[in-house]
Amino acid sequence: MTDISASPISGASPARRPRSSILTASTEMKRRNAAESRFKAYGVIAITIALATLAIMLFTILRDGVSSFYQARLSFPMELSAEVLDPNGNRSRDEMSKVTTVGYQKVLATAFAAELARRGISQDGVSEKEISELISKDAAGQLRARVLGDPALVGTTIDADVFAAGRIDGYLKGRVTLETAERDSNVTPDQLRLAEQLKQAGILTSSWNWDFLTNPDASDQRPEASGLGVALLGSAYMMLIVLVTCVPVGVAASIYLEEFAPKNRWTDAVEVNIANLAAVPSIVFGILGLAIFINFAGLPNSSSVVGAFVLSLMTLPTIIIATRASIRAVPPSIRDAALGIGASKMQTVFHHVLPLAMPGILTGTILGLASALGETAPLLLIGMVAFVDNYPSAPPEGFLDPATALPVQVYSWASRADPAFIERSNGAIIVLLVFLVLMNVAAILLRRRFERRW
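Notes on the structure follow. Quantities reported herein were computed from a predicted structural model and do not represent experimental measurements. Numbering of residues starts from 1 in every chain and runs along the sequence as written. For this predicted model, a pLDDT threshold of at least 70 governs which residues receive local features, and a threshold of 80 or more governs which side-chain atom pairs are given and counted, while totals over whole chains, interfaces and linings are taken from all residues. Side-chain calculation: all heavy atoms of the structure are included, whereas hydrogens and water are not.

### Comments concerning the overall build of the protein
- Along the backbone of the protein there are 20 helices and three strands.
- A globule of 454 residues ought to have a C-alpha radius of gyration of about 22 Å, yet the protein, at 34 Å, is considerably larger.
- Structurally, the protein occupies a C-alpha span of about 135 × 70 × 40 Å along its principal axes.
- Only protein chains enter the area calculation, which uses a 1.4 Å probe; residues under 20% of their type maximum are buried, those over 50% are exposed, and those in between are partly exposed. Here the protein, with 454 residues, has 39% of them falling under the buried criterion.
- We call two residues contacting when some pair of their heavy atoms lies within 4.5 Å. Put simply, of all contacts in the protein between residues at least 6 apart along the chain, 78% involve residues at least 24 apart.
- For the protein, the exposed area adds up to about 25,200 Å²; of that, 61% sits on carbon and sulfur atoms. Secondary structure elements are taken from DSSP: a helix is a run of H or I of four residues or more, a strand is a run of E of two residues or more, and numbering for both begins at the N terminus. Both definitions apply: the radius of gyration is a C-alpha atom measure, and the globule rule equals 2.2 Å times residues to the power 0.38. Accessible surface area values rest on a Shrake-Rupley calculation with a 1.4 Å probe, where residue burial reflects the displayed protein chains alone.

Now the structure itself:
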């Protein structure tokens, strides 16, 4: 180094590096910290919006649907007149079956009017016909079935416990008021005032309604008698068939593709098609089921077996993808160790890989079944939206009988004009959500039960 290069230039001050400390945030650090804080805030806002939306949805469904589990009933003594119900006096079921529900409706109306007179309940402004209209039109059919099941009841006095009409039930639940009754052709304000007197006298009460879970669907004239019995049974039949047909095929296909299939263009094409099928809209599977199972195979419309086959086609790709992901998550060292001590490929898969992948397989299977349970669009295309008021038979014959499903029943009730059906559609949603929650809880419990750590 020379004196010229070592000496500072005249008039120039030596360069100084800016002093910084790790304890003092720089401008760039402040900018990064601010961006991170904004990102966290965005995440909290997104979660808050999601939870708020879920809370509003659940609140609305519970508010409008819990009341469907309670039903207005009329209780009064009733004499089963032999002159009307058994004119010949033979107590023959065949002869008594000739009496239609019209005759039983007259017996109900007569006994109900007599009870009002005995209690001294004012009937001002209400005709005899309007008094009888307080009783559900379903009550006559129920009474007829009870009498035909036990003809010895004819001539005796029983305690009648029958449904009240839908508008009276709505009045007790606050859905129908005196103001709305003035514009309603199905009920009058005087009938509601009479219902209030019946409530005070203890004749009209509201109690838990198990029939909502057991009764079949009812016509538009009897919304108070409609229930989920056929829909629950139809959903159970479909899920049973889906479980038997879809799960073994899906798991077996996943094991073959992941462990045994050669890696070539054919298996690549199969994998791509499986992924594509998982993204196909569900209504497309309904069209496929209509073309193959009904038009080509000739299976009956609205049957549980057709609905189950359609849901199986829709659920199969989901189960295959979930099962393959669970098998792929097992560390390769497990396979290497098993093969290293002399195990065959089959023994390695079934004795070591599958037990470790079982939690994921069970979880994916249950979630796939839960998703299938809530599907509506493909079932509508195969005719399961039809009005079904008869229970399907026991398996296996019952698989071919007409049936419906829970989500389809929700759609059917929500599309009807009577507010009582809207209430029941919300109640059906509650039942469906309970099943979905139970299936998700079962998936979590099974995952924890079979989970193994290594």
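Next, the rest of the story.
### Looking at the pattern of salt bridges
- What makes a salt bridge here is a side-chain nitrogen of Lys or Arg within 4 Å of a carboxyl oxygen of Asp or Glu, nothing more. Scanning the model with the defined rule gives 23 salt bridges in all.
- Arg 63 is the salt-bridge partner of Asp 64, the closest N and O atoms lying 3.0 Å from each other.
- Classification of Asp 64 as partly exposed rests on a relative accessible area of 28%.
- Across the salt bridge formed by Asp 190 and Arg 193, the nearest N and O atoms sit 2.8 Å from each other. With a gap of three residues between them, Asp 190 and Arg 193 both fall in helix H10 (residues 189–201), about one helical turn apart.
- The class of Asp 190 is partly exposed, set by a relative accessible area of 29%.
- When salt bridges that share partners are traced, they join Asp 169, Lys 173, Arg 175, Glu 423 and Arg 424 into one network.

### Looking at the environment of Phe 421
- Tracing the sequence through the fold places Phe 421 in helix H20 (residues 419–450).
- Overall, Phe 421 belongs to the buried group, its relative accessible area being 0%.
- In the structure, Phe 421 is positioned 21 residues away from Ala 442 in sequence and 31 Å away in space, judged by C-alpha atoms.

### Focus on the environment of Gly 298
- Turning to its location among the elements, Gly 298 is positioned in the loop between helix H14 (282–296) and helix H15 (304–328).
- It is 17 Å that separates the C-alpha atoms of Gly 298 and Gly 398, two residues lying 100 residues apart in sequence.

### So, helix H19 (residues 406–414)
- With seven of nine residues buried, H19 is to be regarded as a mostly interior element.
- Residues of H19 that are buried include every one of Leu 406, Pro 407, Val 408, Gln 409, Val 410, Ser 412 and Trp 413, and no others.
- Tucked into the core, H19 has its buried residues touching helix H11 (211–214), helix H12 (229–260), helix H17 (345–373), helix H18 (377–381) and H20.

### Regarding the packing of aromatic side chains
- Note on aromatic pairs: the rings of Phe, Tyr and Trp (six-membered ring only in Trp) are paired at centre separations within 6.5 Å, and the planes decide the class, stacked below 30 degrees, edge-to-face beyond 60, tilted for the rest. Across all of its chains, the model carries eight aromatic pairs by this definition.
- Consider the rings of Trp 208 and Trp 210, whose centres lie 5.7 Å apart with planes at 70 degrees: the pair is edge-to-face.
- Trp 210 gets classed as exposed once you look at its relative accessible area, which sits at 57%.
- What links up through ring pairs into an aromatic cluster is the set Phe 69, Tyr 70, Trp 208, Trp 210, Phe 212 and Trp 413.
- One Lys or Arg, Arg 416, reaches over the ring of Phe 421 and ends 4.5 Å from the middle of that ring. Put simply, a charge is over a ring when the Lys NZ or the Arg CZ is close to the ring centre, within 6 Å, and near the line of the ring normal, within 35 degrees.

### Here's the deal with a nonpolar patch on the surface
- Here a patch means residues that are over 30% exposed by relative accessible area and free of salt bridges, tied together within 9 Å if like-charged and within 5 Å if nonpolar (Val, Leu, Ile, Met, Phe, Trp, Tyr). A cluster of nonpolar side chains, contributed by Ile 47, Leu 51, Leu 54, Met 57, Leu 58, Leu 62, Val 66, Tyr 70, Trp 208, Trp 210 and Leu 433, occupies part of the molecular surface with about 1,000 Å² of accessible area.
- Among the structural elements, Leu 51 can be located in helix H2 (residues 27–65).

### Things to note about the nonpolar core
- Here, nonpolar core means buried Ala, Val, Leu, Ile, Met, Phe, Trp, Tyr and Cys residues that are tied together by side-chain atoms lying within 4.5 Å of each other. One finds Leu 228, Met 238, Val 242, Leu 311, Leu 379 and Ile 382 to be the most contacted residues of the largest nonpolar core, which totals 54 residues.
- Counting only elements with at least two residues in this core, the list comes to H12, H14, H15, H17, H19 and H20.
- Considering each element in turn, this core owes the most residues, eleven residues, to H17.
- Filtering out sequence-adjacent residues up to four positions away, Leu 311 remains in contact with Met 238, Met 239, Val 242, Ala 372, Glu 375, Pro 378 and Leu 379.
- If you look at the next biggest cluster of nonpolar residues, it comprises 42 residues, including Met 96, Tyr 104, Val 126 and Ala 181.

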